[in-house]
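# Observations on the model geometry
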Amino acid sequence: MDGLIKEKLFGRTPEEVAEICRSLEMPKYAAGQIVDWLYKKNILSIDGMTNLAGKYREALKENYEIGLYPPSKVEESVDGTKKYLYQSGIKKFVEAAYIPDGERATLCVSSQVGCKMGCLFCMTGKQGFQGNLTAGEILNQIHSLPEREKLTSVVYMGMGEPFDNLENVLRSIEILTAEWGYGWSPRRITVSTIGIIPAMQAFLERSEANLAVSLHSPFEEERRMLMPVEQVYPLPEVLKTIRTWDFGRQRRISFEYILFKNLNDTPRHVKELARLLNGLRCRINLIRFHPIPDTPLEGSDDQAVQAFKDALNKKDILTTVRASRGEDIWAACGLLSTKEMTKK
Amino acid sequence: MQNKLPGDLKRVRVESVREIAENAYVLEYKRFFEFEAGQIISISLSAEEPPRMYSIASGEKDENIQVLFNVVSEGKLTPALSGLKKGDFIWTSPGFGKFTGTSGKACWIAQGTGIAPFASMFRSGQRVGKTLIHGGRYPDSFYYADEFELVLKENYIRCCSREIVPGTFHGRVTDYLNSLDSLSADSLYYLCGSSEMVVETRDLLIKKGVSFTRIVGEIYF
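Residues numbered from 1 in each chain as written. Chains lettered and ligands numbered in written order. Predicted model: local features only at pLDDT ≥ 70, side-chain atom pairs only at ≥ 80, totals over all residues. Heavy atoms only, no water.

### Overview of the interface of chain A and chain B
Opposite the 27 residues of chain A that make contact, chain B presents 26 residues. Where chain A abuts chain B, roughly 2,300 Å² becomes buried across the two surfaces, and 63% of that area is made up of carbon and sulfur atoms. For the chain A face of the interface with chain B, the top three residues by lost area are Met225(A), Gln231(A) and Val232(A), together amounting to 26%. Residues Lys98(B) and Glu220(A) are paired through a salt bridge, measuring 3.0 Å at the closest nitrogen-oxygen approach. Applying the counting criterion to the chain A and chain B interface returns 8 residue pairs in polar contact (both at pLDDT 80 or more). Of all the secondary-structure elements, those providing two or more residues to the side of chain A that touches chain B are helix H6 (197–206) and helix H7 (220–226) of chain A. A per-element tally of the side of chain A that touches chain B places H7(A) first, with 3 residues. Within the side of chain A that touches chain B, the residues separate by chemical class into 17 nonpolar, 4 polar and 6 charged. (Contact = heavy atoms within 4.5 Å. Buried area = accessible area lost by both parts, 1.4 Å probe. Salt bridge = Lys/Arg side-chain N within 4 Å of Asp/Glu carboxyl O. Polar contact = N/O pair within 3.5 Å; in protein donor to acceptor, adjacent residues only side chain to side chain. Helix = DSSP H or I, 4+ residues; strand = E, 2+ residues; numbered from the N terminus. Nonpolar A, V, L, I, M, F, W, Y, C, P; charged D, E, K, R; others polar.)

This is the structure:
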C-alpha cells in the first residue's frame, strides 16, 4: 500500500473514530482507546497505540495515519515570540505565533491557508485563498508546538477568517474543550472574526469560547474601504446580533481596532465608538499597525495610540493596547508564509 | 460563505434558467421586492439548506430578478440551479448589501460573473460618466456585451486573457490597467470578482496613484 494517501485520525471526534472501528470490525472499546492516544498522549504513529491489539493496529495502518506533523520552520524574536510555519500541502504554509508573556503564553493559530476577505491592511489577503484547514490541521498547530505544555490561551487570529471555515473551527474547539479531548476551559480560547453574521450566530450558539470582532472603524464608509465585508455584513448589524446575546459573566466579547494615522484615530472616532458600544460589556484592544509591503496605510504613533486609549477609557469603554511582539520576525500575519510560498 | 440574513427566505417560482455561454447561466424569477442596483440576494434550494449569495444582474425596475452564475462542478448549489426548469422553486431573500452605485463618475472593473452588479447599475440607468473594464478568459465570457457596447462605446473595454480577439485587449484587467499612462483621480473605482482579483487590482490602482478612499471592492465570498 506504499504511496497511498492515508486518511488522518487526528482531528476526529469519538463518534467518527467509533465509525472507523466499526468498519474495521474492531471492538467498541477500541474507539475510546484511540481517542485517548490521539489527544491525551504524545504518539506520532499508530504503532504507538500499545494497548491496541496488533491486528487492529495493522488494520488501522492500512488506510489511516495519525496526521500530526512538526513545524517546518521557526523564527524567534528577541522578545521571545516565535513564529512557526506549518506546511499544509504543496507550497502552502500557515503560521502560528507563540507569544510568551510572564506566566502566560498565547498561541495565535491559523484557520485557513490564505484568505478571501481582502482587508486592505492584511498581508494574508494578498496570498489569495488557497483552502480551509481541517480541524486536525488547526489542532496540529497546538499539539505539535514544542511549547504546548506552557500554553495558557489560544486565539484564532492567525491566517484566514475563522468563520469562513466554521465547521472545522467549531470541531477544533470541541476537541480542545471536551473531556475526552484536551479538556481546556473554553474561556482560554478566543475566536476573532471580521463579522460574518450567520456564522457568528452559529458560533455563539454552539460554543462557549470568547469572541473578538475586528472593528477598525465605526464609520460605514471608512470601514468598507478597509474591509470589503462591510458591504455585506455592516457593523451595526454585527453589533445588533451581539447585543441579542447573553454573554454571561465569564464569556468575553472584545473588539480589535488597528490604529491608522489620520484615518481612524481621531476624537470623532472615539465619540462614535462610544455611541456604538454604549451599554455593551466589552473591551477594545488597540493594535499598532505592522506595515506590510506596498500599503497606503500608516500606523498611528505611540502618542496617538495612548491618547486614543485614554479617551476611550474616559468614555467608560475598557480599552487596552496590545503590546507589539516579534517585530523583528515578520510580525504581521501572513508575511512569513508569503515569503516561504514565493521562494524559488 | 453562508448567509441566512436578512430575514426569512421566501419560496419563489423560477421563470427560466438559460445557458448564455459555456458554463454561465442566467436564472430569472419574478421580482417581489424593491432593491438598489449592486445589491445581492441569498439563494437556496430549500428552507433548510444554507443559502449562498449572488449579485442581482437585473435593473431596479425590471419585472424579473436576474442572477448570473457559473457552475462550480464540485459545488452543491450551482449544478442544481443550472438544471432548474420553469415552474421549479427556489428560496431567496430580498436584496441587501451596500455595494451600490453612484450617479457620478465611476470606473467599474469586473472579472467573469463579477459583471452582474454593474449590469444591474447600468440597467438601472447609471450610464453617464461610467467606464466598464471587464475581464474574461474567452470571447463568450463577456456577458451582456451587446448592451454595454451600444451605450458605453469606447468606455467599454473587454480584456480577454486566453484568446486574441479583435476589438478586445489581450490580457487580464490588471495588464490593461498597467498599460495605461494615468488613471482618473476623480473617479470612483468599483471592483467585483474573486478576492485575488480584487486585492491585486486594488493594489495596482493604489500603486498607480489612486487613493484607496476611492476604491470599493465586492468580493465573491
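### What to know about the pattern of salt bridges
All names here are of chain B. Tallied over the entire structure, the rule returns 32 salt bridges over all chains. Between Glu34 and Lys61 there is a salt bridge whose closest N-O contact spans 3.6 Å. Of this pair, Glu34 sits in the loop between strand E2 (24–30) and strand E3 (40–44) while Lys61 sits in the loop between strand E4 (52–55) and strand E5 (64–70), and the two are 27 residues apart along the sequence. Accessibility expressed as a relative area gives 58% for Glu34, which makes it exposed. (Buried < 20%, exposed > 50% of the residue type's maximum accessible area, 1.4 Å probe, protein only.)

### A short note on the domain arrangement of chain A
Residues and elements named next belong to chain A. Domain annotation for chain A reports domain 1 (7–65) and domain 2 (73–341). Of note, the centres of domain 1 and domain 2, computed from C-alpha atoms alone, are 34 Å apart. Listed per partner, the contact involves 12 residues of domain 1 and 13 residues of domain 2. Note on domain 1 versus domain 2: buried area summed over both sides is about 1,000 Å², and carbon and sulfur give 55% of it. On the surface where domain 1 and domain 2 come into contact, there are 1 salt bridge. When the shortest N-O distance is used, the salt bridge between Glu16 and Arg171 registers 2.4 Å. Between the two partners, domain 1 and domain 2, sit 6 residue pairs in polar contact (both at pLDDT 80 or more). Counting residues per element, the ones that place at least two in the side of domain 1 that touches domain 2 are helix H1 (14–23) and helix H2 (29–40). Class assignment for the residues of the side of domain 1 that touches domain 2 results in 5 nonpolar, 3 polar and 4 charged. (Domains from an automatic or database assignment.)

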